[in-house]
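Below, each chain spelled out in residue letters.
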Amino acid sequence: MPRNLCVEGRNEMKLGIVGLPNVGKSTLFNCLTKGGAESANYPFCTIAPNVGIVTVPDERLEVLTQLNASKKTIPAAIEFVDIAGLVKGASKGEGLGNQFLGNIREVDAIIHAVRCFEDSNVVHVEGSVDPIRDIETINLELIFADMEVLDRRISKTTKSLKGDKSLSKELDILKKIKASLEDEIVARNIEFEQQEEIEFIQSLNLLTYKPVIYASNVTEDDLADDGLSNDYVQAVKEYAQNEGSAAFVVCAKIEQEIAELDEEEKKLFLEDLGITNSGLDKLIGASYSLLGLISFLTSGEQETRAWTIKKGTKAPGAAGKIHTDFEKGFIRAETVSYEDLISCGNHSTAKEKGLVRLEGKDYVVQDGDVIIFRFNV
């Protein structure tokens, strides 16, 4: 089930990058964000967490900016957090331990970088390439980190139970999650049927409950056919499919080259490689799909802007993304689809043709809706 964990009022998606050392994790971070994280052929070269923000490419924004002569253009954004590589036994202090996992507890989803290439010049901490083993190694460390959280919560809830019997159901859910983790079942694969149970587990911010996107790092040769001839990549795709996660193929070395190019050069470079989308483009698509997100647009003389919301969000909730007053005093949403607006050439013509709709509180906002909210506080 797609889960939107984005915080209300925050217009950027937040993604955490995890993986073993030397799988291309920090190189990928560098390419995606041009953030300059240290990347070298030895373990643990990333120590402090690196944070970078990138904008989400959206051609509609530039068109609307020109249409309305907007002074500013503000795209949606993604914040990436790259932490030190985890190794087997991190929960017990191996390598740098799991001290940095707290930095990704607030992310909306986790990008799990997986090495799917052979290269004798790049050391693998386990001595061989085996992406499924690597995934399970990381999962186990995330499970251990979550169990520490659960143990503290169970202890606290047990003590509070003496004075508040209503906490018994909460305690049952906590114990159910812990039992599954002890069987090495990640929290996102535990079946919960009641909405209140789902809301409770979301509130725990467990790492193993977060949606995951597997990034299979390959060589340039495997990029052209999207890893179809790479057995490692196919194994990762199957693993992701079985657990309801997303997966995409990326070549960190190629992304490194793309990161240095302007948009026109990037387009030509990708064409020469026989591919249409960069790793960042693939990641954005996978993230929006996995989290069930869309963008609505606002545009006027002051600014043109993209706002990220969950599919199924009604008009007042979308208005609240801009400002809580918009939601509290919501009256209506003057809405026109991007396609209709552009075909008409301006908002006035679209209104004359009856394409601008006055939508109420029950209207479900669609991707590409261009909206003017009317409100009164």
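Residues numbered from 1 in each chain as written. Predicted model: local features only at pLDDT ≥ 70, side-chain atom pairs only at ≥ 80, totals over all residues. Heavy atoms only, no water.

(A) Geometry of the overall build of the chain. Secondary structure assignment for the chain yields 14 helices and twelve strands. Taken over 377 residues, the chain has a buried fraction of 50%. Here the chain has roughly 18,000 Å² of accessible surface; of this, 48% comes from carbon and sulfur atoms. (Helix = DSSP H or I, 4+ residues; strand = E, 2+ residues; numbered from the N terminus. Buried < 20%, exposed > 50% of the residue type's maximum accessible area, 1.4 Å probe, protein only. Areas by Shrake-Rupley, 256 points an atom, 1.4 Å probe, with all protein chains shown as cover.)

(B) View of the pattern of salt bridges. Within the structure shown, the criterion is met by 17 salt bridges. A salt bridge links D146 to R105; its shortest N-O distance comes to 3.1 Å. A residue pair is termed long-range when its members are at least 10 positions apart, and D146 in helix α3 (residues 131-161) and R105 in the loop between β4 (77-82) and β5 (109-115) qualify at 41 residues. Of the two residues, D146 and R105, neither departs from the other in class, the shared state being buried. Note that R357 and E359 form a salt bridge whose closest N and O atoms lie 2.7 Å from each other. R357 sits in the partly exposed class, given a relative accessible area of 27%. Of the residues examined, E359 reaches a relative accessible area of 16% and is grouped as buried. Salt bridges here are not isolated pairs; linked through shared partners, they connect D58, R60 and D367. (Salt bridge = Lys/Arg side-chain N within 4 Å of Asp/Glu carboxyl O.)

(C) Inspection of helix α4 (residues 168-182) at higher detail. In this model, α4 (15 residues) spans 21 Å end to end at C-alpha, consistent with the 21 Å of a helix rising 1.5 Å per residue. Taken together, the buried positions of α4 are occupied by L171, I173, L174, I177, S180 and L181. Packed against the buried residues of α4 are α3 and α5 (195-203). Of the residues trailing α4, E184 is marked for its positive phi of about 65 degrees. (Expected span 1.5 Å × (residues − 1). Contact = heavy atoms within 4.5 Å.)

(D) Main features of the nonpolar core. Ranked by internal contacts, the top residues of the largest apolar core, which has 37 residues, are I78 and F80. The element contributing the most residues to this core is helix α10 (residues 279-291), with seven residues. Contact partners of I78, with chain neighbours within four places excluded, come to E12, M13, L15, G52, I53, V54, V56 and I284. If you look at the next biggest cluster of nonpolar residues, it comprises 31 residues, including C116, V233, Y239 and A240. (Core = buried A, V, L, I, M, F, W, Y, C linked by side-chain atoms within 4.5 Å.)

(E) Summary view of the packing of α3 against helix α7 (residues 231-242). At their nearest, the axes of α3 and α7 sit 9 Å apart, and the two run at 40 degrees to each other. As far as their axial angle goes, α7 and α3 are oblique. Contacts between α3 and α7 involve P131, I132, I135, E136 and N139 from the first element and Y232, A235, V236 and Y239 from the second. Classifying every residue of the contact of α3 with α7 gives seven nonpolar, one polar and one charged. (Axes fitted to C-alpha atoms, helices over the stretch in contact; angles between N-to-C directions. Parallel < 35°, antiparallel > 145°, perpendicular 65-115°, else oblique. Nonpolar A, V, L, I, M, F, W, Y, C, P; charged D, E, K, R; others polar.)

(F) Structural view of a negative patch on the surface. On the surface, a cluster of negative charge is contributed by D262, E263, E264, E265, E271 and D272. With respect to the element layout, E265 can be found in helix α9 (residues 263-273). Take E265: its relative accessible area is 40%, and that puts it in the partly exposed class. (Patch = residues over 30% accessible without salt bridge, like charges linked within 9 Å, V, L, I, M, F, W, Y side chains within 5 Å. Lys, Arg positive; Asp, Glu negative; His and termini not counted. Charge placed at Lys NZ, Arg CZ, Asp CG, Glu CD.)

(G) Summary view of unusual backbone geometry. For E184, which is not a glycine, the phi torsion comes out positive at approximately 65 degrees. Counting through the fold element by element, E184 comes out in the loop between α4 and α5. Not every positive phi belongs to a glycine, and N205 is a case in point at roughly 60 degrees. Residue placement: N205 occurs in the loop between α5 and β6 (212-217).

(H) Representation of the packing of aromatic side chains within the structure. The tally for this structure, following the rule as stated, stands at five aromatic pairs. Between F296 and F373, the aromatic rings sit 5.9 Å apart at their centres with planes inclined by 90 degrees, giving edge-to-face as the arrangement. Here F296 is found in strand β8 (residues 293-299), whereas its partner F373 is found in strand β12 (residues 369-375), with 77 residues between them in sequence. Three or more aromatic residues joined by ring pairs make a cluster, and in this case those are F296, W307, F330 and F373. Here R115 stacks its cationic end above the ring of F117, 4.5 Å away from the centre of that ring. When the ring centre of F192 is taken as origin, the NZ or CZ atom of K176, which lies over that ring, is 4.6 Å away. (Phe/Tyr/Trp six-rings, centres within 6.5 Å; stacked < 30°, edge-to-face > 60°. Lys NZ or Arg CZ within 6 Å of the ring centre and 35° of its normal.)

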